[in-house]
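Geometric and topological summary
In case you want the letters, here they are:
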Amino acid sequence: MELTPFQKDVIHAKVCPYCNSSTKIISETEVYGREYKGRKLIACVNFPKCDSYVGTHDDGTALGRLANKNLRNRKKQAHFWFDKIWQEKYLERGELYQELSEFLDLPPEYTHVGMFSETMCIKTENWAKKYYNELSNSHE
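Below, the structure is looked at part by part. Every chain is numbered independently, its residues counted from 1 as its sequence is written. Owing to the predicted nature of the model, reporting of local features is limited to residues with pLDDT of at least 70; listing and counting of side-chain atom pairs is limited to 80 or more, with chain, interface and lining totals taken over all residues. With hydrogens and water excluded, all non-hydrogen atoms of the structure serve as input to the side-chain values.

**Here we look at the nonpolar core**
Across soluble globular proteins, nonpolar side chains show a tendency to be buried alongside one another. One finds Phe82, Ile85, Leu96, Phe116, Trp127 and Tyr131 to be the most contacted residues of the largest nonpolar core, which totals 21 residues. When contributions to this core are tallied by element, the ones reaching two or more residues are α3 (69-87), α4 (93-104) and α5 (118-138). If you tally residues by element for this core, the top one is α5, at seven residues. Among buried residues, those of type Ala, Val, Leu, Ile, Met, Phe, Trp, Tyr and Cys that are joined through side-chain atoms within 4.5 Å constitute a nonpolar core. Buried, partly exposed and exposed residues are distinguished by accessible area as a fraction of the type maximum, computed with a 1.4 Å probe on protein chains only: under 20%, between the cut-offs, and over 50%, respectively. The next biggest cluster of nonpolar side chains, apart from the first, holds eight residues, and it includes Ala13, Ile42, Cys44 and Cys50. Elements are defined by DSSP. Helices are runs of H or I of four residues or more, strands are runs of E of two residues or more, and each kind is numbered from the N terminus.

**A word on the packing of aromatic side chains**
Classification of ring pairs rests on two measures: the distance between centres of Phe, Tyr or Trp rings, Trp counted by its six-membered ring, which must be within 6.5 Å, and the angle between planes, read as stacked under 30 degrees, edge-to-face over 60 and tilted in between. For the coordinates displayed, the defined rule picks out nine aromatic pairs. Consider the rings of Phe82 and Tyr97, whose centres lie 4.5 Å apart with planes at 55°: the pair is tilted. Of this pair, Phe82 sits in helix α3 while Tyr97 sits in helix α4; the two residues are 15 residues apart in sequence, bridging distant segments of the chain. The class of Tyr97 is buried, set by a relative accessible area of 15%. An aromatic cluster of three or more residues is present, and its members are Tyr32, Tyr36, Phe47 and Tyr53. Counting as a charge over the ring demands two things of the Lys NZ or Arg CZ atom: a distance within 6 Å of the ring centre and an angle within 35 degrees of the ring normal. For Arg34, the ring lying beneath its charged end belongs to Tyr36, and the centroid distance is 3.9 Å. The ring of Trp81 carries Lys84 above its face, with NZ or CZ at 6.0 Å from the centroid.

Encoded structure:
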């Protein structure tokens, strides 16, 4: 699976997937009204009119693609169920990502909730919820 240059730019937060504009670095205060982690955010150059942004790692690289409110909510739900599995020690985090990669038929380097669309987040959430319930029921 080879991504197009545009898709690569989207998953690396170099272009807004909603309006195809470039991105800019902003502070947490510009989005949340105060600092939380002291990290910068990457937002669409049209922010706040285009309400898409993403957090950054400590080194300033994007945590994933820009997300609007709907996608941010979908990412939270996907992470909630996915993280529950490894945090409750049913599987190691790396093993779980490998299984998700196989389930979604994605290369491991593209299997990160931060890179996902709403559709992929929903698939991940449903898969992880079902998997978690199966694992937790088998350990009772």
